[in-house]
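Residues per chain are reported as follows:
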Amino acid sequence: MITWPLDPTVYAGLVALFLGHAWLARRAPDAERKHTLYFGLGLLVLWVALETPMDTISDYYLDSVHMLQHVLLGFVAPPLMLLGLSPDMVGRLVRVPGLRAVTEPVPAQLIAGSIMIGWHLPFLYDATLISPSLHVVEHLMFIAGGVVMYWPMLEATSAVAHWRMSPGAKLVYMLVATLPQDGVALALLFSRVPFYDFYARVPRLIGSLTPLIDQTLAGAVLMILGKATLAVAAAAVFFRWFGGEHRADQDRLSPKAESSIRG
């Protein structure tokens, strides 16, 4: 039976994040309305992933919907929440011990990749579907992994890094970030046997959607939607880079044009 979940801990977490953001925003002179909007959208994505029938279907019926939930938690909500931070807000956050270290590009890649691969190993994946408390830990780690992965990509958050990547380096970083998800997705797409025993035994929500077809759809969801979110970030970096180069060229040409007119 498909129902709407009601988990008080999820609502408590969302409220705590909202209040924490509001507290930071009040103390940041450069905080704007757009930051509240982005952060609110990130919280809305978390709510959709965790407190709608998507959660019920993913927990009891379909791996493909479970994978969509993971994409929302790890690839969609984190960048929206990070876009909700102004430079002054980021400056306050990096005072948290250890945060600056784990959000440097290399540690961020290693952490995010380990979380992606580790939690999709069959024995851990099945265990989360049996143990609600372990499932909560998994979801929290996906959100955290997404935050550290996107941190070096975005302007406000990457500005405080010891290693500030150039736009070209950011594009390479994003390409590398797709490798762990591609590994998981390809395993699901091309496996001829079900990876996860849990979904091989659950009732069929749709009769024609066999466990193997469902698993193939899960791999497609991870590969296509996961890549799409990173493609949006890559496009933003590229066009900002291209626009900056174009303006620099115009600035270099302007003095020459003025001198030719005077001449």
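How each quantity is defined
- Residue positions are given per chain, counting from 1 as you read along its sequence in written order.
- Only residues with pLDDT of at least 70 are given local features in this predicted model, and only at 80 or more are side-chain atom pairs given and counted; all residues enter the totals for whole chains, interfaces and linings.
- Where side-chain values are given, they derive from all heavy atoms of the structure, hydrogens and water being excluded.
- Any carboxyl oxygen of Asp or Glu that lies within 4 Å of a side-chain nitrogen of Lys or Arg is treated as forming a salt bridge with it.
- For the purposes of this entry, the term helix denotes a DSSP run of H or I that reaches at least four residues, the term strand denotes a run of E that reaches at least two, and both are numbered from the N terminus.
- Burial classes: relative accessible area under 20% of the type maximum marks a residue as buried, over 50% as exposed, and values in between as partly exposed (1.4 Å probe, protein chains only).
- Only residues whose relative accessible area exceeds 30% and that take part in no salt bridge are eligible for patches, with like-charged residues grouped when within 9 Å of each other and nonpolar side chains (Val, Leu, Ile, Met, Phe, Trp, Tyr) grouped when within 5 Å.
- The Shrake-Rupley method, run with a 1.4 Å probe sphere, supplies the accessible areas, and residue values consider only the shown protein chains as cover.
- Working note: the arc is built from the helix axis to C-beta atom directions.
- Contacts were defined at the residue level, with two residues in contact if any of their heavy atoms lie within 4.5 Å.

Once that is clear, we can look at the pattern of salt bridges. Overall, the coordinates contain 3 salt bridges when judged by the stated rule. For the salt bridge of Lys170 with Glu155, the shortest nitrogen-to-oxygen distance reads 3.4 Å. Taken as a pair, Lys170 in helix α11 (residues 167-190) and Glu155 in helix α10 (residues 155-158) lie far apart in primary sequence, 15 residues in all. In this structure Lys170 comes out as buried when scored by relative accessible area, which is 5%. A salt bridge links Asp182 to Lys227, with the shortest nitrogen-to-oxygen separation between them at 2.4 Å. Taken together, the positions of Asp182 in helix α11 and Lys227 in helix α13 (residues 211-262) put the pair 45 residues apart, joining distant regions of the chain.

With that settled, consider a nonpolar patch on the surface. A contiguous nonpolar surface patch, about 430 Å² in accessible area, is contributed by Leu37, Tyr38, Leu41, Leu44 and Leu83. If one sorts the elements of the nonpolar patch by residue count, helix α2 (residues 33-50) sits on top with 4 residues. Within the secondary structure, Leu44 sits in helix α2.

Mapped onto the elements, Gly113 comes out in helix α7 (residues 105-119). Judged by its relative accessible area of 9%, Gly113 falls in the buried class. Considered as a pair, Gly113 and Pro180 are 67 residues apart in the sequence and their alpha carbons are 5.4 Å apart.

If you check which residues of helix α8 (residues 122-130) are buried, you get Tyr125, Asp126, Thr128 and Leu129. For α8, the arc enclosing every buried residue in end-on projection is 155°, short of the 170-degree limit, so these residues lie on one face. For α8, exposure combined with an orientation more than 90 degrees from the buried face picks out Phe123 and Ile130. Against the buried residues of α8 lie α3 (53-60), α4 (63-83), α7, α9 (132-150) and α12 (197-201).

Quick reminder: α-helices carry 3.6 residues per turn. Residues three or four places apart thus point the same way. For α3, a buried count of 7 out of 8 residues is recorded, marking the element as mostly surrounded by other parts of the structure. The set of residues buried in α3 consists of Pro53, Met54, Asp55, Thr56, Ile57, Ser58 and Asp59. Buried residues along α3 sit in contact with α2, α4, α8, α9 and α12.

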